[in-house]
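Observations on the three-dimensional arrangement
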Amino acid sequence: MKKFILSLASMLITLSLSAELTLDGCLKAAEENYPLIKKYELIDRTQTINLSDINKQWLPGATVYAQGTIQNAVAEYPSALRQVMTQFGQEIKGLGKLQYKVGLDLQQTIWDGGTSKAKREITRADSEEAANRLRVNLYQIRERVMSLYFGLLLVDEQIKQQEQAISLLEANCRKLTNMERDGVAMKSDVNNIEAQILTARQQLTQAQSARQSYAKVLSLYIGEEVGTQTLTKPSDSMPATLTSNRPEISLFDSQMAANNAKLTEVKASLMPRISAFAQSFYGYPGFNNMEAMVNRNPSFNIIAGVKVAWTLAPVYTNRNMKAKIAMANDGIEIDREVFLFNSSLQSASQSEEINAMRRMMADDSKIISLREAVRQSAESQLDNGVIDTVALLSKINDETQARLTADYHEIKLLQSIYQLKYTLNQ
């Protein structure tokens, strides 16, 4: 029984916690749920495969072949020598015009001039660039989720204020109904306020429909049903600094690293290559041509050695290749400066917007208090039999609008702060 109670309590706590959504939780869930996240695994797998292929270049290379040829002319002894040998009873046929062999060629790289090392650096740098580009794309999802989240917060405040306005209208409608029954108020006064109640309910329905739309789209992003869950207002704390930490900066760094890795490959192309080789075959003729001229039987042959190869073509293009890489890096650096400049302008504009919003919010509570006092005064006049429903409705609308404006300023302030954090990635 005790275990059951603990399990039930744990479940209730979990449900109560899951009934509230936070902005940070939604941002994290959206990144994890977005299909693009699967590309991280593909990038890692591609890098592993490419590195494996590069390492396999150090394995011995083997070629198995079979060959058969027929020639119209072959090497043979001079006729005078053949006649002399014939006199001694030795017939020399010369090489046969039909030649054949089955063989195996082996080649082992001893030193590739640093090419494989350069290719490994390029592969890792390309993978890091691809991962950073993916982070940039995923980071843009945050802005969409933030817009939906703050849109939901604002709609929730609108719903709350409309419900409060409807409660005020219904309370005053009940007063007017009683006054009409007592012959103090006219039917038109009751009709006027009832019409306003219906209008307010229509506005409430529109707000509720808008919330359902926002919630449905946000649910698709975070992979969780938002429904009627309560959204927690995020903190209004400002970023610690105005230094940009956007993933685009890491992308610029990885792009330059990829170019520098290509530079090591250019340097490696100037180096000689050293390799060992072995060739073996069974067939006719073998390496001993003298024996093959006398006896046309197939034989087993093998040769092994070391080969040094130095290709001179990269020498001619080396300077141009380095210049191209340097220009590519200069272009990336310009892109970085442009991005940081635009980011600085945007963060300055957002900071000023935040300050302006705080200045406007300073008077919101006072405006609400004044509008509430005016509305209460109009209701007091109604209680005392001084009936002016048009004025009363105007005062209720003014108070509702003042509360909506205050809520808008608060949500807009939070949204501006988080837009600044998005611009800086803080």
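Notes on the structure follow. The structure presented is a predicted model; accordingly, all values stated were derived computationally and were not measured. (Residues numbered from 1 in each chain as written. Predicted model: local features only at pLDDT ≥ 70, side-chain atom pairs only at ≥ 80, totals over all residues. Heavy atoms only, no water.)

Examining a nonpolar patch on the surface
A surface patch of nonpolar side chains, about 470 Å² in accessible area, is lined by I110, W111, M271, V306 and V308. Those elements that place two or more of their residues in the nonpolar patch are β3 (98–111) and β6 (299–309). Locating M271 in the fold gives a position in the loop between α7 (247–268) and β5 (273–284). (Patch = residues over 30% accessible without salt bridge, like charges linked within 9 Å, V, L, I, M, F, W, Y side chains within 5 Å. Areas by Shrake-Rupley, 256 points an atom, 1.4 Å probe, with all protein chains shown as cover. Salt bridge = Lys/Arg side-chain N within 4 Å of Asp/Glu carboxyl O. Helix = DSSP H or I, 4+ residues; strand = E, 2+ residues; numbered from the N terminus.)

Some thoughts on the packing of helix α5 (residues 115–181) against helix α6 (residues 187–222)
Viewed as axis vectors pointing N to C, α5 and α6 meet at an angle of 160 degrees, and their least axial separation amounts to 8 Å. Accordingly, the angle class assigned to the pair α5 and α6 is roughly antiparallel. Read as a crossing pair, α5 and α6 show a hand that is left-handed. Tallied by class, the residues present in the contact of α5 with α6 amount to 22 nonpolar, eight polar and ten charged. (Axes fitted to C-alpha atoms, helices over the stretch in contact; angles between N-to-C directions. Parallel < 35°, antiparallel > 145°, perpendicular 65-115°, else oblique. Left-handed = near helix turned anticlockwise from the far one by under 90°. Nonpolar A, V, L, I, M, F, W, Y, C, P; charged D, E, K, R; others polar.)

Let's talk about the layout of surface pockets
In this approach a probe as big as a water molecule rolls over the atoms, and the regions it shows empty are the leftover space. Space inside the largest pocket adds up to approximately 160 Å³. Considering the residues around the largest pocket, the lining is formed by 13 residues, among which Y65, Q67, K101, F281 and P285 are closest to the centre. Elements that contribute at least two residues to the lining of the largest pocket include exactly β2 (61–70), β3 and β5. Residues of the lining of the largest pocket, tallied by class, amount to six nonpolar, five polar and two charged. (1 Å grid on protein atoms, 1.4 Å probe; cavity = no way out; pocket = protein on both sides within 12 Å on 5 of 7 lines; lining within 4 Å. Points joined across faces, edges and corners; volume = space filled by probe spheres on them.)

Here we look at the pattern of salt bridges
Scanning all chains against the criterion turns up 18 salt bridges. Between R403 and E399 there is a salt bridge whose closest N-O contact spans 3.0 Å. With a gap of four residues between them, R403 and E399 both fall in helix α11 (residues 389–424), about one helical turn apart. Judged by relative accessible area, which is 22%, R403 ranks as partly exposed. A residue is classified by how much of its surface remains accessible, and E399, at 3% relative accessible area, is buried. (Buried < 20%, exposed > 50% of the residue type's maximum accessible area, 1.4 Å probe, protein only.)

A short note on unusual backbone geometry
In this structure, the amide linkage connecting Y284 to the following residue, P285, adopts the cis form with an omega of -5 degrees. Tracing the sequence through the fold places P285 in the loop between β5 and α8 (289–294). At N425, a residue that is not glycine, the phi angle is positive and equals roughly 55 degrees. Secondary-structure assignment places N425 in the segment after α11.

Focus on the environment of Q229
In this fold, Q229 is placed in the loop between α6 and β4 (230–231). Expressed as a C-alpha distance, the spacing of Q229 and L21, which sit 208 residues apart in the sequence, is 6.8 Å.

Considering helix α10 (residues 364–383)
At 3.6 residues per turn, the α-helix brings residues three or four places apart onto the same side. For α10, which comprises 20 residues, the first-to-last C-alpha distance of 28 Å matches the rise-based estimate of 28 Å (1.5 Å per residue) to within 8%. If you check which residues of α10 are buried, you get D364, I368, R375, A378, E379 and L382. With its buried residues spanning 100 degrees around the axis, α10 presents them on a single face. Turned more than 90 degrees off the buried face of α10, the exposed positions are K366 and L370. Residues of α10 that are buried sit in contact with α5, α9 (313–361) and α11. (Expected span 1.5 Å × (residues − 1). Arc of directions from axis to C-beta. Contact = heavy atoms within 4.5 Å.)

A closer look at the nonpolar core
By size, the foremost hydrophobic cluster in this structure holds 31 residues, and its most contacted members are V145, F150, L218 and I222. Put simply, the parts of the chain that give this core at least two residues each are α2 (23–33), α5, α6, α9 and α11. With nine residues, the top contributor of residues to this core is α5. V155, L176, A200 and I396 belong to the second largest nonpolar core, which has 19 residues in total. (Core = buried A, V, L, I, M, F, W, Y, C linked by side-chain atoms within 4.5 Å.)

Overview of the sheet that holds β5
Taken in spatial order, the four strands make up an open sheet running β2-β3-β5-β6, and their pairing is antiparallel. Edge positions in the open sheet fall to β2 and β6, since each of these has one partner strand only. The sheet shows a mean angle of 20 degrees between the axes of neighbouring strands, direction not considered. (Pairing = 2+ DSSP bridges.)

What to know about the packing of α2 against α6
It is the contact of α2 with α6, at a shortest axis distance of 7 Å, that shows an interaxial angle of 60 degrees. Put simply, α2 runs oblique to α6. Of the residues in α6, those touching α2 at C26, A29, A30 and N33 are L218, L220, Y221 and I222. When grouped by side-chain class, the residues that make up the contact of α2 with α6 number seven nonpolar, one polar and no charged.

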